[in-house]
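Residue-level listing of the chains:
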Amino acid sequence: MALTLAAPGKPIRAACGDWAAAKAAYRFFDNPRVTEHSVLAGHFAASAARVAASEGPILILQDTTEFIYGRSQQGKIGFTKTVNAGRYKAGQPPGP
């Protein structure tokens, strides 16, 4: 199974490129023997080895940025502004 590196944020089917690869990915994720810990174990081991090999300070950075898209009028979510530059008033069609 090879996920396309050019599509990291895409849905599985788009990232895999074809249905056979997507089905293999779904089977992989559905396997009860596949756990988050087992998938990340290699990354944890490599990180531990890099830390052990370092002699200087190690910075561990984390981005905790959050975006909150709440509005008092929920029906207006996604609506920004109607721009007509004053060319028409309510009930009148826009001019040329």
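Scoring rules and cut-offs
- Residues numbered from 1 in each chain as written.
- Predicted model: local features only at pLDDT ≥ 70, side-chain atom pairs only at ≥ 80, totals over all residues.
- Heavy atoms only, no water.
- Helix = DSSP H or I, 4+ residues; strand = E, 2+ residues; numbered from the N terminus.
- Buried < 20%, exposed > 50% of the residue type's maximum accessible area, 1.4 Å probe, protein only.
- Areas by Shrake-Rupley, 256 points an atom, 1.4 Å probe, with all protein chains shown as cover.
- Phe/Tyr/Trp six-rings, centres within 6.5 Å; stacked < 30°, edge-to-face > 60°.
- Patch = residues over 30% accessible without salt bridge, like charges linked within 9 Å, V, L, I, M, F, W, Y side chains within 5 Å.
- Salt bridge = Lys/Arg side-chain N within 4 Å of Asp/Glu carboxyl O.

Colleague: What's the story with the overall build of the chain in this structure? I'm lost.
Modeller: The helix and strand inventory of the chain stands at three helices and zero strands. Shown N-terminal to C-terminal, the secondary structure of the chain runs as helices and strands in the order α-α-α. Looking at the chain as a whole, 6% of its 96 residues qualify as buried. Only carbon and sulfur atoms are counted for the fraction: they give 59% of the accessible area of the chain, which is about 9000 Å².

Colleague: I tried to follow the packing of aromatic side chains on my own but got confused; where do I start?
Modeller: We describe a pair of aromatic rings using the distance from one ring centre to the other and the angle between the two ring planes. Enumeration according to the criterion identifies two aromatic pairs in this entry. Arranged with centres 6.4 Å apart and planes meeting at 50°, the rings of Trp19 and Tyr26 form a pair that is tilted. Residues Phe28 and Phe29 carry aromatic rings whose centres are separated by 5.4 Å and whose planes lie at 70° to one another, so their mutual orientation is edge-to-face.

Colleague: What am I meant to see in a nonpolar patch on the surface here?
Modeller: On the surface, Phe28, Phe29 and Val39 cluster together to form a nonpolar patch covering roughly 270 Å² of accessible area. Tracing the backbone shows Phe28 in helix α2 (residues 19–30). Classification of Phe28 as partly exposed rests on a relative accessible area of 32%.

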